[in-house]
Amino acid sequence: MTTSTTGTADGPSAYGSADGGTPSADRRVPGSRLLSGFGLIGPRHGRHLLTSDQVDALALPIGDDGVIAGVDAEGRPAVLGLSRPTPYDIVLIGGLWTAQVLALRAAATGARVAVETGRPQAWLQMVHAMGGGQNGLAVYDVGRVPPQGASAGTPVLVVRDCGMRPPRGRVVSGPWQSVLTLLPYLSPVAPGLLRRARLAGIQRVSPDEATELGRAMGLSRAEVESLPTLSDGVTLWCADGDRQYVTTVPTDAETGLLGTPRRMD
């Protein structure tokens, strides 16, 4: 019967030399400790050290997670965090084009988008481009949106494109389910929607509408005066006292699908 001998750190072992002798020198790490099972010793490099001044100079262009709505006045990405663990209501007083770009970009981040609309033909091109509703975007008639089953793994954005006086929705905001209500102009229901909204976007409106919005939202005089002069694709986003002008710049694919930015539909 043949037996095998297991060596110790001072004798033959699985890491010994080919002739059964003691381990070769290149199998030992500093301090004569046997390297067991970790392969060859890699190259030794000096440590990478930074001074405090160099650390302060580091900057990473990373903002909050979410949908890139466009760029701010300094050309930096402006991000809307649409997927949240708490209910989140958004009101956009503006054009269909901007709402559709936000819906496309939300779907691109992995969210499911449910569109409640009285003009489904305006959304059909997007549905076809995204695989007939199988890839994150589905269109429903007003009042026909089914429960979406939103979760942290499958967040949902509900876009309500229901005209000047949207009826009360069957599907409301909730954990991981945000609701964006699109209003083409300021309407009698707008003040109530704006009071409940966590985020409001305003595109070009008439001077009278701008004045009313200024009173309702506490806008400055300069902001009120700017609203009737905003270019197509520019939105004043307002949340918790913060104000930011954002220009939505479409990608080539978005331009091919939706055209160039426009306020009127």
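Keep in mind the model is a prediction, meaning the values are calculated, not measured.

Engineer: Looking at this structure, I do not really get the overall build of the protein. What am I missing?
Structural biologist: A tally of regular secondary structure across the protein gives seven helices and twelve strands. In the protein, the share of contacts with a sequence separation of at least 24, taken over all contacts with a separation of at least 6, comes to 59%. A total of about 15400 Å² of accessible surface is found on the protein, and carbon and sulfur atoms cover 54% of it.

Engineer: Sorry if this is basic, but what is going on with unusual backbone geometry here?
Structural biologist: With the exception of glycine, most residues fall at negative phi, and the peptide bonds are largely trans. We note that Trp-176 has phi near 65°; this positive angle belongs to a residue other than glycine. The residue Trp-176 is located in the loop between strand E8 (156-161) and strand E9 (177-183) in this model.

Engineer: Can you walk me through the layout of surface pockets in this structure?
Structural biologist: Take a probe with the size of a water molecule and roll it over the atoms, and the empty space left behind shows itself. Estimated volume of the second largest pocket: approximately 440 Å³. In terms of lining residues, the second largest pocket is bounded by 17 residues, among which Asp-89, Arg-160, Gly-169, Leu-193 and Arg-196 are the most central. Looking at the lining of the second largest pocket, the elements that each hand over two or more residues are strand E5 (88-93), E9 and helix H4 (190-196). Tallied by class, residues from the lining of the second largest pocket come to ten nonpolar, three polar and four charged.

Engineer: I would appreciate a short explanation of the confidence of the model for the protein in the present structure.
Structural biologist: Put simply, the protein has an average pLDDT of 84, and 77% of its residues get 70 or more. Every residue in residues 1-27 scores below 50 in pLDDT, and together they form 27 contacts with partners more than four places removed in sequence or on other chains.

Engineer: What should I look at first to understand the environment of Ile-93 in this one?
Structural biologist: Positionally, Ile-93 belongs in strand E5. The class of Ile-93 is buried, set by a relative accessible area of 0%. Sequence spacing of Ile-93 and Pro-184 is 91 residues, and the spatial spacing of their C-alpha atoms is 5.7 Å. Here Ile-93 is in contact with Leu-183, Tyr-185, Leu-186, Leu-194, Gly-201, Ile-202, Gln-203, Val-205, Leu-213 and Arg-263, once residues within four sequence places are set aside.

Engineer: Explanation requested: the side chain of Gln-100 in the structure shown.
Structural biologist: Relative to the elements of secondary structure, Gln-100 occurs in helix H2 (residues 96-108). Judged by its relative accessible area of 3%, Gln-100 falls in the buried class. Residues in contact with Gln-100, not counting those within four places in the same chain, are Ala-122, Trp-123, Met-126 and Leu-258.

Engineer: Help me understand the nonpolar core, please; the structure alone is not making it clear to me.
Structural biologist: Residues Val-113, Met-126, Val-159, Leu-180 and Trp-237 are the most contacted members of the largest nonpolar core, which totals 34 residues. No other element matches the nine residues that H2 contributes to this core. Beyond its immediate stretch of four places on either side in the chain, Met-126 contacts Gln-100, Ala-103, Leu-104, Leu-137, Leu-257 and Leu-258. Within the second largest apolar cluster, 21 residues are counted, among which are Ala-190, Leu-194, Val-224 and Leu-227.

Engineer: What is the right way to look at the pattern of salt bridges in this model?
Structural biologist: Pairs can form between side chains of opposite charge once their charged atoms are near each other. Enumeration according to the criterion identifies eight salt bridges in this entry. Ionic pairing is found between Arg-76 and Glu-74, a salt bridge with its closest N-O pair at 3.2 Å. Residue classification places Arg-76 among the partly exposed residues on the basis of a relative accessible area of 48%. For Arg-160, the salt bridge identified is with Glu-116, shortest N-O distance 2.8 Å.

Engineer: In this structure, what is going on with the pairing of strand E4 (residues 77-80)? I would like to understand it.
Structural biologist: Looking along a regular strand, one sees the side chains alternate between the two faces of the sheet. Side chains Ala-78 and Leu-80 project from E4 onto a buried face, and the interleaved Pro-77 and Val-79 project onto a face without burial. Turn length for the strand E3 (residues 67-71)-E4 hairpin, with the two strands adjacent in sequence and antiparallel, is five residues, and the turn residue Gly-75 shows positive phi of about 80°.

Engineer: Explanation requested: a nonpolar patch on the surface in the structure shown.
Structural biologist: Together, Met-164, Tyr-185 and Met-264 make up an exposed nonpolar region whose accessible area comes to about 270 Å². Residue position: Met-264 is located in the segment after helix H7 (252-258).

Engineer: Whenever I open this one, the pairing of E9 confuses me. Can you help?
Structural biologist: Within E9, seven of the seven residues are buried, which leaves it mostly tucked inside the rest of the structure. Burial along E9 is two-sided: Gln-177, Val-179, Thr-181 and Leu-183 and Ser-178, Leu-180 and Leu-182, pointing in opposite directions, are all buried. Judged from the six bridges that link them, E5 and E9 form a sheet pairing that is parallel. Among the inter-strand pairings, Val-91 is bridged to a residue of E9, identified as Thr-181. Here E8 runs beside E9; their pairing, made up of five bridges, is parallel. Of the residues in E9, the one forming a bridge with Arg-160 is Thr-181.

Criteria and cut-off values
Residues numbered from 1 in each chain as written. Predicted model: local features only at pLDDT ≥ 70, side-chain atom pairs only at ≥ 80, totals over all residues. Heavy atoms only, no water. Helix = DSSP H or I, 4+ residues; strand = E, 2+ residues; numbered from the N terminus. Contact = heavy atoms within 4.5 Å. Areas by Shrake-Rupley, 256 points an atom, 1.4 Å probe, with all protein chains shown as cover. 1 Å grid on protein atoms, 1.4 Å probe; cavity = no way out; pocket = protein on both sides within 12 Å on 5 of 7 lines; lining within 4 Å. Points joined across faces, edges and corners; volume = space filled by probe spheres on them. Nonpolar A, V, L, I, M, F, W, Y, C, P; charged D, E, K, R; others polar. pLDDT = per-residue confidence, 0-100. Buried < 20%, exposed > 50% of the residue type's maximum accessible area, 1.4 Å probe, protein only. Core = buried A, V, L, I, M, F, W, Y, C linked by side-chain atoms within 4.5 Å. Salt bridge = Lys/Arg side-chain N within 4 Å of Asp/Glu carboxyl O. Pairing = 2+ DSSP bridges. Patch = residues over 30% accessible without salt bridge, like charges linked within 9 Å, V, L, I, M, F, W, Y side chains within 5 Å.

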